[in-house]
Amino acid sequence: MSSANDYKQSKNPLHALTSFFQKAVEGAPILTPRALRGGVLGVDIGTSSIKIVQLSYGDGSPRLDTYGAIELASYKTPDASAGANVSLAEANALADLIHEVNATAREGGCSIPLASTLLSISDIPKRDDEQTRILISHDAQQFIPVPIQQVALDWKVIPEREAGIEGFDRLDETNNVRAHMQKVLIVAVIKEAINARAKIFAQANLSITFNEIEMFGAIRVFRDHISEPTLIVDIGASKSKFYTVNEKSSLCAVHSIDIGGRAIAEQIARKMHWSMKDSEDALRKRGMQESKEFSREANDDMADIFTNAMHEICKNAVRFMDEYKKEYARSITKIILIGGCARMRGLREYVSEFCSVDAERGDSFKSITTPFVLADSIRDAGPQFAVATGLALRGLETNR
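Residues numbered from 1 in each chain as written. Predicted model: local features only at pLDDT ≥ 70, side-chain atom pairs only at ≥ 80, totals over all residues. Heavy atoms only, no water.

**Brief notes about the packing of helix 6 (residues 261–272) against helix 8 (residues 296–328)**
- Contact pair helix 6 / helix 8: the axes reach a minimum separation of 10 Å and the direction vectors enclose 150 degrees. Classed by the angle they form, the pair helix 6 and helix 8 counts as roughly antiparallel. Note that helix 6 runs across helix 8; the crossing there is right-handed. When helix 6 is examined against helix 8, the residues I264, Q267, I268, K271 and M272 are found in contact with a partner set consisting of A298, D301, M302, I305, F306, A309 and M310.
- When the residues that make up the contact of helix 6 with helix 8 are grouped by side-chain class, the tally is nine nonpolar, one polar and two charged. (Axes fitted to C-alpha atoms, helices over the stretch in contact; angles between N-to-C directions. Helix = DSSP H or I, 4+ residues; strand = E, 2+ residues; numbered from the N terminus. Parallel < 35°, antiparallel > 145°, perpendicular 65-115°, else oblique. Left-handed = near helix turned anticlockwise from the far one by under 90°. Contact = heavy atoms within 4.5 Å. Nonpolar A, V, L, I, M, F, W, Y, C, P; charged D, E, K, R; others polar.)

Printed below as a string of structure tokens:
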């Protein structure tokens, strides 16, 4: 746990730290007009794959230049447990992907995994910026288990629904005055994770202009389509993550559970005595609905596996929605499904029925100009590219 001495190196230790909400990484190059004309990359490095999206401006609005994903399994050798070997494998995969999809941009942003972050939502009295920073510096000590030198720290006030609330509320019954509290999201990112991303980009001959925690990229993609409290469910390879956002698209809570596509595929492989590749194919082809590509027995066996996994994910989604309602006295009215597993057949319908809330597959390219002839395939790929698209959008917006 950090000691108070860790925070005494500067009167205001937060001033010198990286902002993951607005600014580029400290010391990183800013995207130039030339880079913007050539496009901006959003790179999402996950546990099992890398996704990239290249955007540029066309007629005043974001335009999709290219996108793609590559699996990491074939790049990782048995001795790739060491950090240097992992970075090299990911850099090689990223370079191959850039070439494969004919991406022309060489600058952009990269995702930071939720696992490399520490987050806390704290109630802090409303004060001016300087006083707020001091309060946050003290509060951060309570949840950061490593020395402050090992993390980059940032914070953001969660906007209130009501407008015009002053810094103090008067209690009519007693005529006492109490400080009005505000909710503040405090984020600490392990610097080692930032350095690892920079190394991957350098080895792939790319220039990293900013890092961003994955959830903020995903939220950015859907902000124009969120008008009520919403739960974004990201079902990835190793984990399922839940992002609760309010009607202003501000993050209110984050949760994760150790259920993802890889665990589901492994269960199928063991049950059916199939290879992982065949099991992953079944994950996409069968999903929550029967498929004629499989026998009745195979469909029934897979149904049990899929239903058990999705039941656990949905049970947690309901719990997180209930927590939001208890905390904010408002109900979540929509669920957005993203991640590779969000493309499963029948998942949207299952989630909607289980949670009694409208669920939709996240269309990451909904507000972006895309080639008309590729509309169907791009829409199908949408849930998988939410984070990468959000990163590319930030690159465009920050440097217009």
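**Things to note about the sheet that holds strand 1 (residues 40–45)**
- Overall, mixed pairing links the five strands, which are arranged 3-2-1-4-10 in an open sheet. Each of the sheet's edge strands pairs with one partner strand only, and the pair in question is strand 3 (61–71) and strand 10 (207–213). Taking each pair of neighbouring strands and ignoring which way they run, the sheet shows an average axis angle of 20 degrees.
- Two elements, strand 1 and strand 2 (residues 49–58), share six bridges in a ladder whose sense is antiparallel. Opposite L41, over in strand 2, you have Q54 as the bridge partner.
- The strands touched by helix 11 (residues 386–398) within the sheet are strand 1, strand 2, strand 3, strand 4 (107–112) and strand 10, with strand 2 carrying the most contacts at an inclination of about 35 degrees. (Pairing = 2+ DSSP bridges.)

**With respect to the environment of E71**
- Relative to the elements of secondary structure, E71 occurs in strand 3.
- For the pair formed by E71 and E90, sequence separation is 19 residues and the distance between their alpha carbons is 9.8 Å.
- With residues up to four places along the chain from it excluded, the contact list for E71 reads S48 and S49.

**Quick look at the sheet that holds strand 11 (residues 230–235)**
- If you walk across this open sheet you meet the five strands as 13-12-11-14-15, and the pairing is mixed. The open sheet terminates on both sides in strands that have one partner only, identified here as strand 13 (251–257) and strand 15 (358–361). Averaged over all pairs of adjacent strands, the angle between their axes in this sheet comes to 20 degrees, without regard to strand direction.
- Where helix 9 (residues 347–355) meets the sheet, it contacts strand 11, strand 14 (334–338) and strand 15, and its direction lies at approximately 160 degrees from that of strand 15.

**Some remarks on the environment of R284**
- If you trace the backbone, R284 turns up in helix 7 (residues 276–285).
- By relative accessible area, R284 is classed as partly exposed at 48%.
- When the C-alpha positions of R284 and G340 are compared, they lie 9.1 Å apart, and in sequence the two are 56 residues distant.
- Within the structure, the side chain of R284 is placed 2.7 Å from the side chain of D281, a separation counted as a polar contact. (Buried < 20%, exposed > 50% of the residue type's maximum accessible area, 1.4 Å probe, protein only. Polar contact = N/O pair within 3.5 Å; in protein donor to acceptor, adjacent residues only side chain to side chain.)

**Quick word on the side chain of E90**
- Its place among the elements puts E90 in helix 2 (residues 83–100).
- When its relative accessible area of 8% is taken as the criterion, E90 is described as buried.
- Apart from residues lying up to four places away in sequence, E90 is in contact with I45, I50, L72 and I200.

**Remarks on the pairing of strand 15**
- In the sheet, strand 14 pairs with strand 15 via four bridges, with the strands oriented parallel. Note that in strand 15 the partner of I335 across the bridge is A359.
- Once the chain exits strand 14 it traverses helix 9 before rejoining the sheet at strand 15, and the crossover so formed is right-handed. (Right-handed = clockwise from strand over helix to strand, strands pointing away.)

**Re the pattern of salt bridges**
- For the structure on display, the rule yields 21 salt bridges.
- For D44, the salt bridge is made with K51, and the minimal N-O distance between the two is 3.8 Å. Here D44 matches K51 in class, with each residue buried.
- Put simply, R330 and E247 hold a salt bridge, and the shortest N to O gap is 2.9 Å. Note that R330 is positioned in the loop between helix 8 and strand 14 and E247 in the loop between strand 12 (240–245) and strand 13, a separation of 83 residues in sequence.
- The exposure class assigned to E247 is buried, which follows from its relative accessible area of 18%.
- Residues participating in the shared-partner salt-bridge network are D123, K183 and E327. (Salt bridge = Lys/Arg side-chain N within 4 Å of Asp/Glu carboxyl O.)

**Considering the packing of aromatic side chains**
- Applying the stated rule across the entire model yields seven aromatic pairs.
- Members of the aromatic cluster, joined through ring pairs, are Y67, F365 and F385. (Phe/Tyr/Trp six-rings, centres within 6.5 Å; stacked < 30°, edge-to-face > 60°.)

**Some thoughts on a nonpolar patch on the surface**
- Taken together, the side chains of F372, V373 and L374 present a nonpolar region at the surface, about 390 Å² in accessible area.
- Mapped onto the fold, L374 is located in the loop between strand 15 and helix 10 (375–381).
- L374 gets classed as partly exposed once you look at its relative accessible area, which sits at 40%. (Patch = residues over 30% accessible without salt bridge, like charges linked within 9 Å, V, L, I, M, F, W, Y side chains within 5 Å. Areas by Shrake-Rupley, 256 points an atom, 1.4 Å probe, with all protein chains shown as cover.)

**A closer look at helix 9**
- Taken together, the buried positions of helix 9 are L347, V351, S352 and C355. Here the buried residues of helix 9 occupy an arc of 130 degrees about the axis, which is enough to place them on one side.
- Where helix 9 is buried, its residues meet strand 11, helix 8, strand 14 and strand 15.
- With its phi angle positive at about 55 degrees, S356 sits one or two positions after the end of helix 9. (Arc of directions from axis to C-beta.)

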